[in-house]
Amino acid sequence: MNLRKLSKEEMIHRSIERSNKAFKKWKNTNRKCVFPGCTCVAINSHILSKKASLRCIAENGEVLCMKSLFNDGIRQLVPTLVGINDVSTFRGFCKQHDEMFYRLDQGKIELKYDLVLQCFRSVARWIAIEENADLILEDLMKDLVDTRNNEEDSTINHTKNANLNELKKMYFEMYKFIQEQEGNIEMIGDNTIFPINNELSILYKHLPYQIPIALCTKNPFKLCNKFEDKECNIIWVVVPTENATDIMVILDSKSINSFLDGNTVEKYWNKLISSECTVLEMIEATMITNEEWYMKPSVYQKLIDVKRNVIEFDIRYKCFGSYVWDCVDYTIFEDLWKILLEKEQNEKLLRKYKSKVDFVPQLPSEEEKQSFEKEMCQQIVSLAFKSEEL
């Protein structure tokens, strides 16, 4: 079909239909274990431990997540209670290789080996998501055959594979580490920048209390200098246990350092974790730019209606054009914020965050909502055509 004959609304509706069809096909297809060299059938396994993490933030066996639903062709992210058996799962590893995450399922991230295992598991899941996205895009490309020329089509193929290749590169570097360091009992500190090699790093922070959110997101980080702009993927992982929280950030530190004009990832990370309030602020920012998280239900239910509405609005639109370091002007974990503010020693930060805790956001007007929707639709269409004009 020649998409130029359709309106933008018809294009989006058709894309949704074909995407849903491709997703169902992908979901119902048996897949092999993603551990290198293994040909066994993958099972459904959790990327964030059900026993050690999801269960400790669940209420009545359920967590709250943002579920993607379509109503009259419009995608909506709806806060939904879901049983912990049904969240944070993917068909990645076979039964044998899933057992190598045994320590993680006991709530133990104490060794460098544990840290890399959790990141290895998380990246494997994002590879599965990107491979699914490739299949969906391949299906959508059938419509583009009549609309684009071969040269443009090859550009799209190169673009979509580049992101997947970057993730696979991360994955194999972690695989090599796991193979080489199996049995190594070297402990990891509460605050660490751990280089896997001269390019890939894991930033790690341990907190001695629970943040009631389990999270595994992939966010774009926009790099800018006087010569060029570049986007890198940053994977955030937040693992709660009964009385602690482990935070991991997986990134290409070499590429990022080359854009920071003399600064380093280490300086940025040390600034970020200089206050526990700053850490919580960044976790909330990450939640708004990607809906791959699971929360203790009562935390969300305690929020006033207008704040919940603003969060749902922001999650819908901020993934288009918002980046991982962009913060929101309101708070989500209100009870935890009160505790952290009582401990905050920096007067400047104390004033800043007290103001943020007291702030009540307002929903955009209907006219502004329509403007956001139109802009998002235009971006979706331009992603397909690599052009702002059809």
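Cut-offs applied
- Here the residue index of a chain counts from 1 through its sequence in written order.
- Since the coordinates come from a predicted model, pLDDT governs what is reported: local features require at least 70, and pairs of side-chain atoms require 80 or more to be given and counted, while whole-chain, interface and lining totals use all residues.
- Values shown for side chains rest on all heavy atoms present in the structure; no hydrogens or waters enter the calculation.
- In this description a helix means any DSSP run of H or I spanning at least four residues, a strand means any run of E spanning at least two, and both kinds are numbered starting from the N terminus.
- As used in this structure description, the phrase polar contact means that two N or O atoms lie within 3.5 Å; if the pair is within protein, one of them must be able to donate a hydrogen and the other to accept it, and residues adjacent in sequence are counted only when both atoms belong to side chains.
- Note on contacts: a residue pair is in contact if any heavy atoms of the two residues lie within 4.5 Å.
- Only rings of Phe, Tyr and Trp enter the pairing, Trp through its six-membered ring, and a pair is recorded when the two centres are within 6.5 Å. The plane angle decides the type: under 30 degrees is stacked, over 60 is edge-to-face, the rest tilted.
- Summary of the burial criterion: residues with accessible area below 20% of their type's maximum are buried, those above 50% are exposed, and those between are partly exposed, where the area comes from a 1.4 Å probe applied to protein chains only.
- Charge-over-ring placement is defined geometrically: NZ (Lys) or CZ (Arg) within 6 Å of the ring centre, and within 35 degrees of the ring normal.
- Salt bridge, as used here, is a side-chain nitrogen of Lys or Arg placed within 4 Å of a carboxyl oxygen of Asp or Glu.
- Interaxial angle, 0 to 180 degrees, is taken between N-to-C directions of lines fitted to C-alpha atoms, where a helix line uses only the stretch in contact.
- Convention used here: angles under 35 degrees read as roughly parallel, angles over 145 as roughly antiparallel, angles from 65 to 115 as roughly perpendicular, and any remaining angle as oblique.
- Nonpolar core, defined: a set of buried Ala, Val, Leu, Ile, Met, Phe, Trp, Tyr and Cys residues in which side-chain atoms within 4.5 Å join the residues together.
- Crossing chirality is assigned from the near helix's rotation relative to the far helix, an anticlockwise turn below a right angle marking it left-handed and a clockwise turn marking it right-handed.
- For this classification, Asp, Glu, Lys and Arg are treated as charged, while Ala, Val, Leu, Ile, Met, Phe, Trp, Tyr, Cys and Pro are nonpolar and the rest, including Gly, are polar.

Student: Tell me about the side chain of Asp 114, and name the residues and values.
Tutor: Relative to the assigned elements, Asp 114 resides in helix α5 (residues 112-144). For Asp 114, the side chain forms a polar contact with the main-chain nitrogen of Leu 111, separated by 3.0 Å. Residues contacting Asp 114, with those up to four places away along its chain left out, are Arg 103, Leu 104, Lys 108 and Ile 109.

Student: Quick one: what's the story with the packing of aromatic side chains, residue by residue and with numbers?
Tutor: Under the criterion given, the structure shown has 10 aromatic pairs. Centre to centre, the rings of Phe 35 and Tyr 175 are 5.3 Å apart; their planes meet at 80°, and the pair counts as edge-to-face. Of this pair, Phe 35 sits in the loop between α1 (8-27) and β1 (44-46) while Tyr 175 sits in helix α6 (residues 150-181), and the two are 140 residues apart along the sequence. Both residues of the pair, Phe 35 and Tyr 175, belong to the buried class. Both rings, one in Phe 177 and one in Phe 194, keep their centres 5.4 Å apart while their planes meet at 80°; by these two values the pair is edge-to-face. Taken as a pair, Phe 177 in helix α6 and Phe 194 in strand β5 (residues 191-195) lie far apart in primary sequence, 17 residues in all. Residue Phe 177 is classed as buried on the basis of its relative accessible area, which comes to 14%. Look at Phe 194 and you get buried, because its relative accessible area is 8%. The rings of Phe 35, Phe 90, Phe 93, Phe 101, Phe 120, Tyr 171, Phe 172 and Tyr 175 are connected pair by pair, giving a single aromatic cluster. Taking the ring centre of Trp 126 as reference, the NZ or CZ of Arg 125 above it sits at 5.4 Å.

Student: Could you give an account of the pattern of salt bridges, naming the residues involved and the relevant values?
Tutor: Applying the stated rule across the entire model yields 16 salt bridges. Glu 130 is paired through a salt bridge with Lys 218; the nearest N and O atoms lie 3.0 Å apart. On the criterion of sequence distance, the pair formed by Glu 130 in helix α5 and Lys 218 in strand β7 (residues 213-224) is long-range, its members being 88 residues apart. Each member of the pair Glu 130 and Lys 218 is classed as buried. Among the charged side chains, a network of salt bridges with common partners joins Arg 103, Glu 110 and Asp 114.

Student: A description of the packing of helix α9 (residues 276-289) against helix α12 (residues 334-343) should follow, citing residues and the corresponding values.
Tutor: Closest axis-to-axis distance for the α9/α12 pair is 9 Å, and the angle between their directions is 155°. Regarding the angle of α9 to α12, the classification is roughly antiparallel. Between α9, through Glu 276, Cys 277, Leu 280, Glu 281 and Glu 284, and α12, the contact on the second element is made entirely by Leu 336, Trp 337, Leu 340, Leu 341 and Lys 343.

Student: Talk me through the nonpolar core; I want residue IDs and the actual numbers.
Tutor: Within the largest apolar cluster, 54 residues are counted, with the highest numbers of intra-cluster contacts made by Phe 93, Phe 120, Met 248 and Ile 250. Of all the secondary-structure elements, those providing two or more residues to this core are α2 (50-57), β2 (62-71), α5, α6, β6 (200-207), β7, β8 (229-240) and β9 (245-252). Here the element with the most residues in this core is α5; it accounts for 11 residues. If we ignore the near neighbours within four places in the chain, the residues touching Phe 120 are Phe 35, Phe 93, Met 100, Phe 101, Tyr 171, Met 174, Tyr 175 and Ile 178.

Student: Any details on the packing of α9 against helix α13 (residues 347-358)? Residues and values, ideally.
Tutor: Closest axis-to-axis distance for the α9/α13 pair is 11 Å, and the angle between their directions is 40°. As for how α9 packs across α13, the hand of that crossing is left-handed. In this structure, α9 contributes Cys 277, Thr 278 and Glu 281 to the contact, and α13 contributes Leu 349, Lys 352, Tyr 353 and Lys 356. Residue composition of the contact of α9 with α13, grouped by class: three nonpolar, one polar and three charged.

Student: Give me the environment of Ile 57: which residues, what numbers.
Tutor: You can see Ile 57 is positioned in helix α2. For Ile 57, a relative accessible area of 0% translates into the label buried. Separated by 185 residues in sequence, Ile 57 and Glu 242 place their C-alpha atoms 8.0 Å apart. What Ile 57 contacts, discounting residues up to four positions off in sequence, is Val 63, Gln 210, Pro 212, Ile 213, Ala 214, Pro 240, Tyr 294, Met 295, Lys 296 and Pro 297.

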